[in-house]
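Residues per chain, in single letters:
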Amino acid sequence: MKLVYPAIFTPCETLSGYTVEVPDLPGCVTEGRDLADAIEMGMDAASGWILDEMEDGNSYPSPSSLKDISCPPESFLSLLVLDMDAYSERYGTKAIRKNITIPAWLNTYGEKNHINFSKVLQDALIASAGKL
């Protein structure tokens, strides 16, 4: 899923970098040492903000239209493209519970040998994903 959010870029007074604010995401502010870094940092901060909401089961704000955002005269507006699938694959940490069915004998064997069923399944899925 890709999302596009407007961001306000303001030149830093003491550095050659920029402060980045995503008005639709309260408290989502970061900075970068130059414009390219500021864009990257803005995408990371906004993606992290959205991912936190998603992992907590909350909805996240819809992006505003550029025309609805007031921008200070020394600043400029730009759009940040967030690739939430790639970001959550790399940084997502929330675990979810899955119900599985296995033969009784295999359950007995696993319990007797102190096998962590979740770990075995995760390892198998990761190995399988590497073959795609």
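Preceding block: the structure.
Now for a quick tour of the structure. Note that the structure is a prediction, hence the values are computed from the model and not measured. Residue indices follow the written sequence of each chain, beginning from 1 at its first position. Totals for whole chains, interfaces and linings use all residues, but because this is a predicted model, local features are given only for residues with pLDDT of at least 70 and pairs of side-chain atoms are given and counted only at 80 or more. For the side-chain quantities, the full set of heavy atoms in the structure was used; hydrogens and water were omitted.

### A few points about the packing of helix α1 (residues 35-55) against helix α2 (residues 84-91)
Axis lines are fitted through C-alpha atoms, for helices just across the contact stretch, and the angle between N-to-C directions can take any value from 0 to 180 degrees. Segments assigned H or I by DSSP are reported as helices when at least four residues long, segments assigned E as strands when at least two residues long, and all are numbered from the N terminus. Following both chains from N to C, one finds α1 and α2 inclined at 75°, their axes separated by 10 Å at the closest point. Taken together, α1 and α2 sit at an angle that is classed as roughly perpendicular. In this structure, α1 uses D44, S47, G48, I50, L51 and M54 to contact α2, whose residues at the interface are M84, Y87, S88 and Y91. An angle below 35 degrees is treated as roughly parallel, one above 145 as roughly antiparallel, one from 65 to 115 as roughly perpendicular, and anything else as oblique. In this description, contact between two residues means that some pair of their heavy atoms is separated by no more than 4.5 Å.

### Points about the packing of aromatic side chains
For Phe, Tyr and Trp, where Trp contributes only its six-membered ring, two rings pair if their centres lie within 6.5 Å, and the inter-plane angle classes them as stacked under 30 degrees, edge-to-face over 60, or tilted in between. Under the definition given, this model contains two aromatic pairs. When the centroid spacing of 6.0 Å and the interplanar angle of 80° are considered together, the rings of Y18 and F76 count as edge-to-face. Of this pair, Y18 sits in strand β2 (residues 18-21) while F76 sits in strand β4 (residues 76-83), placing them 58 residues apart in sequence. Through a chain of ring-to-ring contacts, the aromatic side chains of F9, Y18 and F76 assemble into a single cluster.

### Thoughts on the nonpolar core
It is characteristic of soluble globular proteins that their nonpolar side chains tend to be buried jointly. Counting residues in hydrophobic clusters, the biggest one holds 17 residues, and the most contacted among them are Y5, F9, V22, L25, I50 and L82. Elements supplying a minimum of two residues to this core: β1 (2-11), β2, α1, β4 and α2. Apart from residues no more than four positions distant in its own chain, Y5 is found in contact with V22, D24, L25, I50, Y60, P61, S62, P63, S78, L79, L80 and L82. Nonpolar cores were defined as sets of buried Ala, Val, Leu, Ile, Met, Phe, Trp, Tyr and Cys residues, with membership established by side-chain atoms within 4.5 Å. When a residue's accessible area, from a 1.4 Å probe over protein chains only, is under 20% of the maximum for its type it is buried; when over 50% it is exposed; and in between it is partly exposed.

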